[in-house]
Amino acid sequence: MSSRLAALSIATAAVLTLSLAGCSAPLSEKWVRYSFAPGPEESGEATATPPSEDQGAKPAAERTPPNCSKVKCVALTFDDGPGSYTTELLSLLDQYDAKATFFLIGGNVKKHPQIVRDEVAKGHEIGNHTWAHKDLTKMSVAAAKRDLQKTDDAVKQAAGVEPTLVRPPFGSLPRSLKKNLAVPIALWDVDTLDWKTRNTKSTIKAAEKIVPGSIVLMHDIHKSTVDAMPTILKDLDAKGYHFVTVTELIGHPKPGIGYGSGQHPGSKD
Ligand code: NI
């Protein structure tokens, strides 16, 4: 594992509030499957309804991702959506055959199920960012579990897939949940602070901090961020970057581990 493959323990993540922007990650069905015998708490949860045939997202075309230990890769991540500007963002990403990772809010999934299907169909990765962006450390473990499961269920109902990652809001996850996580935790090493500045030029400037292996935190619910993407994508493409998902960037992320960055040229698998 390379030095830049920063694997933070979830315990560490629990005590770090990495950003006020807060992105969060929820757990999925895997949580229940892997870690808990479903009890009264879980049994009360809504069950996922498989999408109907005409609603289900088609699997993304199989593709061979670049070897990020050989070429420059970056994982662009977008939190808190889907939202009004996400569809425009998807078109921009398509222009560079760029794959990104979307950490979705369950309530927004309910509002925009078609956008979630579009994200999946285009080969982007989906992560859980909780139902309503509440701090998971400020609720009971049982409530946090319900929140994450509810969000996973919404994603599955909308697009037929389960989130493969979690990103807790504010990067804050209760230590007591660590052993229950059945998916990796995606953190970041480049925070564009786009949620704070709401300024396209500032977001572009912040993206200059990207290095090979970076996981970049942005928010597709802000127009200023989507407006920054043509320049950010063009600049990174000119530098030879490949735009990959978080899982592709890391390689084989492990459940319950927090990752702030991934592979880069010269890193070992
Ligand atoms: Ni967030």
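In what follows, the structure referred to is the one given above.
An account of the accompanying structure is given in this report. (Residues numbered from 1 in each chain as written. Predicted model: local features only at pLDDT ≥ 70, side-chain atom pairs only at ≥ 80, totals over all residues. Heavy atoms only, no water.)

### Overview of helix α6 (residues 113-121)
Convention followed: Burial status follows relative accessibility: with a 1.4 Å probe on protein chains alone, a residue under 20% of its type maximum counts as buried, one over 50% as exposed, and anything between as partly exposed. Helix and strand definitions follow DSSP, with helices as H or I runs of at least four residues and strands as E runs of at least two, each counted in order from the N terminus. Any two residues whose heavy atoms approach within 4.5 Å at even a single point are treated as in contact.
For α6, the set of buried residues is I115, V116, R117, E119 and V120. The inward-facing, buried residues of α6 contact α4 (86-95), β3 (101-104), α5 (106-111), β4 (125-128) and α7 (141-159). Immediately beyond the C-terminal end of α6, within one or two residues, lies G123, with a positive phi of roughly 90°.

### Details of the state of the cysteines
Spelled out, the test is: Only a pair of cysteine sulfur atoms within 2.5 Å qualifies as a disulfide here.
In the structure shown here, the tally under the stated rule is one disulfide. Each sulfur of the disulfide joining C68 and C73 lies 2.1 Å from the other. Handedness of the C68-C73 disulfide follows from its S-S torsion of about -90°: it is left-handed. Neither residue differs from the other here; C68 and C73 are each classed as buried.

### Looking at the nonpolar core
Selection rule: In this description, a nonpolar core means a group of buried Ala, Val, Leu, Ile, Met, Phe, Trp, Tyr and Cys residues linked to one another through side-chain atoms lying within 4.5 Å.
Of all hydrophobic cores here, the largest spans 34 residues; its most connected members are L76, F102 and M229. Looking at this core, the elements that each hand over two or more residues are β2 (73-79), α4, β3, α6, α7, β8 (215-219) and α10 (223-238). Sort the elements by how many residues they give to this core and α10 lands first, with six residues. Once you skip the residues sitting within four places of it in the chain, F102 turns out to touch F78, T86, L89, L90, L93, E119, H124, E125, I126, G127 and D220. Core analysis: the next-biggest nonpolar cluster, separate from the first, contains 24 residues, L148, V166, I185 and I215 among them.

### With respect to unusual backbone geometry
In the segment running from G81 into P82, the intervening peptide bond is cis, with an omega of 0°. Relative to the assigned elements, P82 resides in the loop between β2 and α4. Despite not being glycine, T130 shows a phi value in the positive range, around 75°. Looking at the secondary structure, you find T130 in the loop between β4 and α7. For T130, a relative accessible area of 0% corresponds to the buried category.

### Examining the environment of D237
If you trace the backbone, D237 turns up in helix α10. Sequence-wise, D237 and A98 are 139 residues apart; in three dimensions their C-alpha atoms are separated by 9.6 Å. Beyond its immediate sequence surroundings of up to four residues, D237 is in contact with Y96 and F243.

### Some points on the packing of aromatic side chains
Quick reminder of the rule: Aromatic rings from Phe, Tyr and Trp, with only the six-membered ring used for Trp, were paired whenever their centres fell within 6.5 Å, and each pair was classed as stacked if the ring planes differed by under 30 degrees, edge-to-face if by over 60, and tilted otherwise. When the NZ atom of lysine or the CZ atom of arginine is within 6 Å of a ring's centre and also within 35 degrees of its normal, the charge is said to sit over that ring.
Scanning the entire structure with this criterion turns up two aromatic pairs. On the basis of an interplanar angle of 25° and a centroid distance of 5.6 Å, the ring pair of F78 and F102 is categorised as stacked. Residue F78 is located in strand β2, and its partner F102 is located in strand β3; the two are separated by 24 residues in the primary sequence. Pair check on accessibility: F78 and F102 agree, each one buried. Residues Y96 and F243 carry aromatic rings whose centres are separated by 6.4 Å and whose planes lie at 75° to one another, so their mutual orientation is edge-to-face. Note that Y96 is positioned in the loop between α4 and β3 and F243 in strand β9 (residues 242-243), a separation of 147 residues in sequence. The exposure class of F243 is buried, given its relative accessible area of 5%. When the ring centre of W131 is taken as reference, the NZ or CZ atom of K150 above it lies at 4.3 Å.

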